[in-house]
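# Structural description and commentary
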Amino acid sequence: MLARFCAAILIQLVLLQSAIAQTRTVLELKEGWKFAKGNQSQAYQTNFNDKDWQTVSVPHDWAIYGPFDKEIDKQVVAITQNGEKKATEKTGRTGALPYIGEGWYRKIFDLPALKPGQKATVIFDGAMSEPRVYLNGQKVGEWNYGYNYFYLDITQQLASNGKNVLAVQLNNVQESSRWYPGAGLYRNVRIEVKNDIGIEQWGTYITTPFISKEIAKVKIKTKTAGKDLLLVTEILDANNKRVSIDTAGAKFGNEFEQDLVVKNPMLWSPETPYLYKAISRVYVKGQLKDQLTSRFGIRQISYLPSTGFSLNGQSRKFKGVCLHHDLGPLGAAINIAALRRQLRILKDMGCDAIRSSHNMPSQEQLDLCDEIGFMFLAETFDEWAKPKVKNGYARYFNTDAEKDVVNMVHATRNHPSIVMWSSGNEVPDQHYAEGVKRAKWLQEIFHREDPTRPVTVGMDQVKATIQNGFGAILDIPGLNYRTKLYEDAFKAFPQGFLLGSETASTVSSRGIYKFPVMEYKNKQYPDNQCSSYDLEYCDWSNLPDEQFALIDDKPWVLGEFVWTGFDYLGEPTPYDEQWPSRSSYFGINDLAGLPKDRFYLYKSRWNTKENTLHMLPHWNWAGREGQTTPVFVYTNYDKAELFVNGKSMGMQQKSNATWLNRYRLMWMDVKYEPGTIKVVAYDKQGKAVAEQSIVTADSPNQLVLEADRN
Ligand code: GAL
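Residues numbered from 1 in each chain as written. Predicted model: local features only at pLDDT ≥ 70, side-chain atom pairs only at ≥ 80, totals over all residues. Heavy atoms only, no water.

## Side note on the nonpolar core
Our working definition: Here, the term nonpolar core denotes a set of buried Ala, Val, Leu, Ile, Met, Phe, Trp, Tyr and Cys residues that are joined through side-chain atoms within 4.5 Å. For the exposure calls, accessible area comes from a 1.4 Å probe over protein chains only, and a residue counts as buried if that area is under 20% of its type's maximum, exposed if over 50%, partly exposed in between. For helices the rule is a DSSP run of H or I covering at least 4 residues; for strands it is a run of E covering at least 2, with both sets numbered from the N terminus onward. Contact criterion: two residues are considered in contact whenever any of their non-hydrogen atoms come within 4.5 Å of each other.
Judged by nonpolar contacts, the single largest core of 137 residues is most densely connected at Trp-33, Leu-185, Val-321 and Leu-346. Take this core: its biggest share by element is seven residues, from helix H4 (residues 397-412). Not counting residues up to four positions away in its chain, the partners in contact with Leu-346 are Val-321, Leu-323, Cys-351, Ile-354, Phe-374, Gly-565, Phe-566 and Asn-589. In terms of nonpolar packing, the next biggest core, distinct from the first, is built from 30 residues, Met-375, Tyr-481, Tyr-520 and Tyr-585 among them.

## Comments concerning helix H5 (residues 433-449)
The following threshold applies: In a helix, the anticipated span is given by 1.5 Å times the number of residues less one.
Between its terminal C-alpha atoms H5 stretches 25 Å, which fits the 24 Å expected from 17 residues at 1.5 Å a residue. Of all the positions in H5, only Gly-435, Val-436, Arg-438, Ala-439, Leu-442, Gln-443, Ile-445, Phe-446 and Glu-449 are classed as buried. On its buried face, H5 is in contact with strand S13 (198-211), H4, strand S27 (418-425), strand S28 (455-459) and helix H7 (470-473).

## A closer look at unusual backbone geometry
A cis amide bond links Gly-66 with the next residue in sequence, Pro-67, at an omega value of 0°. For the bond from Ser-357 to His-358, the omega torsion is -10°, close enough to zero to count as cis. Position of His-358 among the secondary structure elements: in the loop between strand S25 (353-356) and helix H3 (363-372). In this structure, Asn-522 is a non-glycine residue whose phi angle is positive, near 55°. Mapping Asn-522 onto the fold places it in the loop between strand S31 (520-521) and strand S32 (536-537).

## Brief notes about the sheet that holds strand S1 (residues 24-28)
Selection criterion: Pairing between two strands is assigned when DSSP locates at least 2 bridges connecting them. In this analysis, axes come from line fits to C-alpha atoms, helices being fitted only over the stretch in contact, and the angle between any two N-to-C directions falls in the range 0 to 180 degrees.
Taking strand neighbours across the sheet as the criterion, the four strands line up as S1-S12-S7-S10 in an open arrangement whose pairing is antiparallel. With partners counted over all chains shown, the strands left at the sheet margins are S1 and strand S10 (150-153), one partner each. If you compare each strand with its neighbour and ignore which way they point, the axes differ by 20° on average. Pairing of strand S7 (residues 118-124) with S10 involves four bridges; the strand directions are antiparallel. In the sheet register, Ile-123 faces S10, and the bridge partner there is Tyr-151.

## Description of the packing of aromatic side chains
In plain terms, the rule: Pairing of aromatic side chains requires ring centres within 6.5 Å, counting the rings of Phe and Tyr and the six-membered ring of Trp. Pairs whose planes differ by under 30 degrees are stacked, by over 60 edge-to-face, and all others tilted. Remark: a charge is flagged as sitting over a ring if the NZ atom of Lys or the CZ atom of Arg is within 6 Å of the ring centre and within 35 degrees of the ring normal.
Tallied over the full model, the rule gives 38 aromatic pairs. Judged by centre distance (5.4 Å) and plane angle (90°), the rings of Phe-548 and Tyr-602 are edge-to-face. Separated by 54 residues along the polypeptide, Phe-548 in helix H9 (residues 544-553) and Tyr-602 in helix H10 (residues 597-606) bring together distant segments of the chain. The two residues Phe-548 and Tyr-602 agree in class, both being buried. One aromatic cluster in this structure is built from Tyr-145, Tyr-147, Phe-381, Trp-384, Tyr-393, Tyr-396, Phe-397, Trp-441 and Phe-470. Positioned above the aromatic ring of Tyr-525 is the side chain of Lys-514, whose terminal nitrogen or guanidinium carbon lies 4.8 Å from the ring centre.

## Considerations on the domain arrangement of the chain
We apply this condition: Either an automatic procedure or a domain database provided the assignment from which the domain bounds are taken.
For the chain, the assigned domains read domain 1 (2-22 + 197-296), domain 2 (25-113 + 123-186), domain 3 (316-606) and domain 4 (613-695). Between domain 2 and domain 4, the C-alpha centre-to-centre distance is 51 Å.

## Description of the site of the ligand
What counts, and what does not: Any residue with a heavy atom lying within 4 Å of a molecule or strand is counted as near it. Whenever a nitrogen or oxygen atom comes within 3.5 Å of another N or O atom, the pair is scored as a polar contact, on the condition that within protein one atom can donate a hydrogen and the other can accept it, and that pairs from neighbouring residues in sequence are kept only if both atoms are in side chains. Only the protein chains shown count as cover for residues, with accessible areas throughout obtained via the Shrake-Rupley method and a probe of 1.4 Å.
Taken together, Arg-178, His-358, Asn-425, Glu-426, Asn-480, Tyr-481, Glu-502, Ser-505, Trp-540, Trp-563, Glu-571 and Phe-586 make up all the residues around the ligand. At 2.6 Å, a side-chain N or O of His-358 approaches an oxygen atom of the ligand. For the ligand, whose unbound accessible area comes to 310 Å², protein coverage reaches 98%.

Dropping the structure here:
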């Protein structure tokens, strides 16, 4: 009793002290950077004159300012993944923006000289690419992969007079990417000063191995440096109320392991994104040495043949999208408002999951997914040792892959949104015996660093992976497209389920409609656009509806990640060879984030809280009078009647006749006449419940722009 009382007093004392002592200083390096392009071989030196350089703030993407140029990263290649056999000229494959070449950043910052027993690190959330980092004229380290988080110890190189110059050299080479990668310090950079004694970088690892209605067990492993440490960890709920606290004195190697109990836990899910905080405090002889806050969620995931994927005990299928990291016209520089806007649009569509194709997501995006509620499939690589492009990640795979995986897992594993890892996308290694070994090797690294989440690979060479064992060893076999092989793969693989790791790749341009309306593969038009009747796709891809049918009919399909949620810079298929196309057509939303018609097809299926009734095309077809102009309706209602200027075009009802009939209402024989088209939707009892009209527009009168935020 007395011992407990004393312990309680001790805890109160140490907590009080921690409110006073400051253990870590974080210097965000955002404003006042100097930047120049080109070879600046002397720029690492302290006395280098950068007066004429541009002043920029970081995050910064040096290439997004343009201009677009057909010659940039022009490639004469056959894109073998797309089934091409002959090399042809590809313009715009990586966005035709000036990202190739060297770029240098310099930042002068003040930092009081370190006290004995302190250390400093510089942390990059990513730098595109091949960053070489110098402090006060000395090289402190480097990292090759532009998408990864990394940190460097700069204790030795910091200036004793407090005046420091950080210089970062970046270099992007030709043919190193299949999309626009951005350029420069496009993610955040910070310096952290802390005591030698304390928690290591990304040193907390929080899992929730047991959850019931009454309690959740929260396991917190904390890697620390130093001897005779006392670790006090408290858990706060979303109102900052303490719900659990524990003191630990015994280390296992350099790691503490604590099991805390949270009573009546609030569980994290996309629908209830409830977050807790763990505050870890490290003491030596009653003195606070370090303090770190880690956010986490309490949630349980399982993947079983009988129930598929379950979150908190409830089976569900992923309603996911793949995203590249660029933000369209804003480029690759991290922009929280733009990321939040993307997520708001996806949430409205009913989407509940995101795959960061084909690389590490930003911390900001993960934070937002934790807060707004999205599950996350975090991916690492588009290449292993076998290249897809001449200068891709294959150059580094053998030397860097392990440390790249380790950094990603350590930096992101406390995010409750992450429910699966991916070690690769359509890696050509799938074909080979060494590839099978690589798949196993990588998966084991993930398991070692985080035994709580399964690993997938997005596979396109399904037949090869069935034969050579590649697919069988994965925790989760992921199929990219290849809808015709789902049954075979399911039968051949031992896992008992499959994931649609990448689906659809339907192509469309917002507001563009082509006639006659029919299904096409690789269709090209003279205006470099694709039709928004949503019937066009590529050799390897398919219509959304075909994937819907697979997901609805096969309980063992875990859901899908559509290619893609938003259009992105680069990869302008089916116009890879047609300048000036230089951004994708795959997006459900366009490059500016405006919904295409397809948005409503997904919404009608995914958003179960709102009714969807969306009609297309527009009704301004001067010159098409009397010609066949089909009308499509994307809706969650079963049937609807269409009227053209008050005349009924008949009732359409969803049916199993074809995939399209199953998920769309289509009036194929409508003849255009100016005026009003109206659709009236009926419920199962035959009651008219909703309607929508489109009117032939008069000449424009005014344009109104509204900001969606202040
Ligand atoms: C996939 C690939 C994606 C993208 C997509 C276009 O095969 O994984 O990165 O290229 O095709 O359809």
